[in-house]
Amino acid sequence: ASSKFSDSSGNLNADGSDANNSVTLTVDTLRPTISISSDVASLKAGETASLSFSLSESSTNFAADDLSISGGTVSNFSGSGSSYSATFTPSADSTTNGVISVASSKFSDSSGNLNADGSDANNSVTLTVDTLRPTIFSAETNSDGTKLVLTYDEILSANTASKPDFSVTCDGVKNPVKSVVVSGCDVTLTLANIIEKTQIITLTYTDPSISNDTNAIQDLLGNDAVSSSIPYTANNSRIVLGSTSDP
């Protein structure tokens, strides 16, 4: 302003509203932040999550490499400005949570301010993952040779596969499946023909589709059981050819 200082003769400065006696600086010290969300909270085998990334300010250098990812992979990263998206695919045969986050100082706004997120709750998403598919642990006949019991490595859903999804042979000859019953970890097949004591039993189970569905053997979460082929099934039958009683 005027009259703030003087020269050697005592004359006070006269500046008033001169254009050159003032400097205006544009200031932007506001650091951008990010919020991450997912369309689902949990994933099983064959499923993916759609991720959304919302920035508080537009950025031209936010990229897939800025993401910290565990328990799976991210693909289809796209977007611009303040809105981005990606797809998360969980690791196969895993119960490790999927975690996607963005640390501080990974991207900047148009003024060059780096993002400040740190341990904010909304800059990280954790997804519950179970992509473990049930697998046959053991297979054996009952003592009277009428049933074949398959024991899986986890508790199964009450849903059951159709009879044609199972193939049982006795000494190389097909033994048709009459019924399929699921209980706990066990799948019990009732067979059309009695299994005899010395016969070699083979079993094949084929998942009826490539995706998870209730027409298959499934765990409680809905993961389809793995297609399996067992060349030698434990034969506990006590039935001897031509006999209807124990030997």
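Computed from a prediction, not measured in an experiment: that's the story for all the values here. (Residues numbered from 1 in each chain as written. Predicted model: local features only at pLDDT ≥ 70, side-chain atom pairs only at ≥ 80, totals over all residues. Heavy atoms only, no water.)

## Let's talk about the pattern of salt bridges
Piece 1. Counting across every chain of the model gives 2 salt bridges.
Piece 2. The residue R133 makes a salt bridge to D207 at a minimum N-O spacing of 3.2 Å. You can see R133 sitting in the loop between β8 (124-130) and β9 (136-141) and its partner D207 sitting in the loop between β15 (201-205) and β16 (228-233), a full 74 residues away along the chain. (Salt bridge = Lys/Arg side-chain N within 4 Å of Asp/Glu carboxyl O. Helix = DSSP H or I, 4+ residues; strand = E, 2+ residues; numbered from the N terminus.)

## Section: the sheet that holds strand β13 (residues 177-183)
Piece 1. In spatial order, the strands read β9-β10-β14-β13; together these 4 strands make up an open sheet with antiparallel pairing. Every other strand in the sheet has two partners, leaving β9 and β13 as the edge strands with one partner each. Averaged over all pairs of adjacent strands, the angle between strand axes in this sheet comes to 15 degrees, irrespective of strand direction.
Piece 2. Sheet topology places β13 next to strand β14 (residues 186-191); 6 bridges connect them, and they run antiparallel. Following the sheet pairing, S183 is matched in β14 by D186. (Pairing = 2+ DSSP bridges. Axes fitted to C-alpha atoms, helices over the stretch in contact; angles between N-to-C directions.)

## Side note on the pairing of strand β10 (residues 147-152)
Piece 1. Bridge count between β9 and β10: 5 bridges; the pairing is antiparallel. Counted as the bridge partner of S138 is T151 from β10.
Piece 2. Pairing of β10 with β14 involves 5 bridges; the strand directions are antiparallel. Within β14, the residue paired with T151 across the bridge is D186.

## Quick notes on the sheet that holds strand β1 (residues 34-38)
Piece 1. Pairing is antiparallel across the open sheet formed by 4 strands, whose spatial order is β1-β3-β6-β5. A strand with exactly one partner marks an edge of an open sheet, and here the two such strands are β1 and β5 (72-80). Mean inter-strand twist for the sheet, computed between neighbouring axes without regard to direction, equals 20 degrees.
Piece 2. Strand direction decides the pairing type here: β5 and strand β6 (residues 83-90), joined by 7 bridges, are antiparallel. Bridging from a neighbouring strand, S78 pairs with S85 of β6.

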